[in-house]
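Results of the structural survey
In case you want the letters, here they are:
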Amino acid sequence: MGPGAPQGTTTVAAVLGAPVRHSMSPALCNAAFDAAGLDWVYVAFEVDESHAAAAVAAVRTLQLGGASVTMPLKAAVVDHVDRADDDVRALGAANCLWWDGDVLCASSTDGPGFVASLRDHDVSLAGRRVVVLGAGGAARAVVRASALEGAADVAVVNRTATRAEEAASLAGAAGRVAGIEAIADAEVVVNATSIGMDGTGGAGTSPLPSRALRDGQVVVDLVYHPLATPLLRDAAAVGATAIDGIGMLVHQAALAFEHWTGEPAPIDAMHAAARRAP
Ligand code: NAP
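Report follows, based on the coordinates. (Residues numbered from 1 in each chain as written. Predicted model: local features only at pLDDT ≥ 70, side-chain atom pairs only at ≥ 80, totals over all residues. Heavy atoms only, no water.)

**A few points about the overall build of the chain**
The helix and strand inventory of the chain stands at 9 helices and 12 strands. The C-alpha radius of gyration computed for the chain amounts to 19 Å, which stays within 12% of the reference 19 Å derived for 278 residues, consistent with globular compactness. By principal-axis analysis of the C-alpha atoms, the chain measures approximately 60 × 35 × 35 Å. Residues counted as buried form 50% of the 278 residues belonging to the chain. Within the chain, contacts between residues at least 6 apart in sequence are counted, and of these 64% link residues at least 24 apart. Split by element, the accessible area of the chain, about 12,200 Å² in all, is 52% carbon and sulfur. Distance between charge centroids for the chain: 5 Å, based on 18 positive and 30 negative side chains. (Helix = DSSP H or I, 4+ residues; strand = E, 2+ residues; numbered from the N terminus. Rg over C-alpha atoms; globule rule 2.2 N^0.38 Å. Buried < 20%, exposed > 50% of the residue type's maximum accessible area, 1.4 Å probe, protein only. Contact = heavy atoms within 4.5 Å. Areas by Shrake-Rupley, 256 points an atom, 1.4 Å probe, with all protein chains shown as cover. Lys, Arg positive; Asp, Glu negative; His and termini not counted. Charge placed at Lys NZ, Arg CZ, Asp CG, Glu CD.)

**Concerning unusual backbone geometry**
A cis amide bond links Met71 with the next residue in sequence, Pro72, at an omega value of 5°. Turning to its location among the elements, Pro72 is positioned in the loop between strand E3 (66-69) and strand E4 (83-84). For the bond running from His225 to Pro226, omega is 5°, close enough to zero to count as cis. Following the sequence through the fold, Pro226 ends up in the loop between strand E11 (218-221) and helix H7 (230-237). The backbone of Gln63 shows a phi angle near 55°, a positive value even though the residue is not glycine. Locating Gln63 in the fold gives a position in the loop between helix H2 (52-61) and E3. You can call Gln63 exposed: its relative accessible area is 54%.

**Considering H7**
When we look at burial in H7, the residues that qualify are Pro230, Leu231, Leu232 and Ala235. Gly239, located one to two residues past H7, shows a positive phi value of around 90°.

Shown next, in the form of structure tokens:
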């Protein structure tokens, strides 16, 4: 926890949401503060949606150095900050609160974090045909980021059609709602559903039939519990490039770190902490 125990001088950052007791963010961010030699500490505050306004007020009153925001507060905090960035305004949700002088700002680092995680694998979205499975918060960020990166086609495949339409609209002219047959022509396939995630009904399963994927595709699974999902195993088996969810997790946190501290994030230390976390 930082370079020693917290002192009177220590700056506190926190994740706000519920449940957060098992969040990976404290391990990730404390490793980052430690590696950067900063007198900061990162803790988890369990806050329900009805207390969103009070939680943002507490960030101001207690002069937190910054905050991560997770479910169920991502939308609820937006009305209580001084400034929201373009991503937050488009998505209606924020995952990061930070100070620009004395102005409390809200950003959404999921989309840029996703793009940065692909860059680590030399994957660009410009001109690519992308399929996004899911239409929740993560999917919406990926759809918008894909369009901003210049994807030629962003097809959203989701169980609930109305949510698919809303998500696809975030990609403007490049966005559309599609069925699973869109996978055949896709160059990049992103699982942004919770299927495959431990602790859910979909644990141990894939969102796609095992033969849906093919050689040459880039397949990204945003699920990071576990890292080796059935979807990624199927992708590797057909010769596709398989990318797990840890890169996006690390990069969205790294971008938050940079907002908070104004310093470059120690990405390698954050990757190592994420891979060590239970
Ligand atoms: P969310 O808002 O609850 O959305 C969940 C999505 O999954 C919805 O589109 C939902 O479809 C779909 N879904 C869930 N169960 C399904 C099932 N049995 N069959 C078909 N569709 C199903 O969740 P989220 O916040 O977007 O997170 C989604 C996943 O991404 C989670 O596993 C989360 O851990 C992961 N994630 C990873 C990162 C990262 O940095 N790697 C960041 C954010 C999220 P409906 O719309 O039909 O309900």
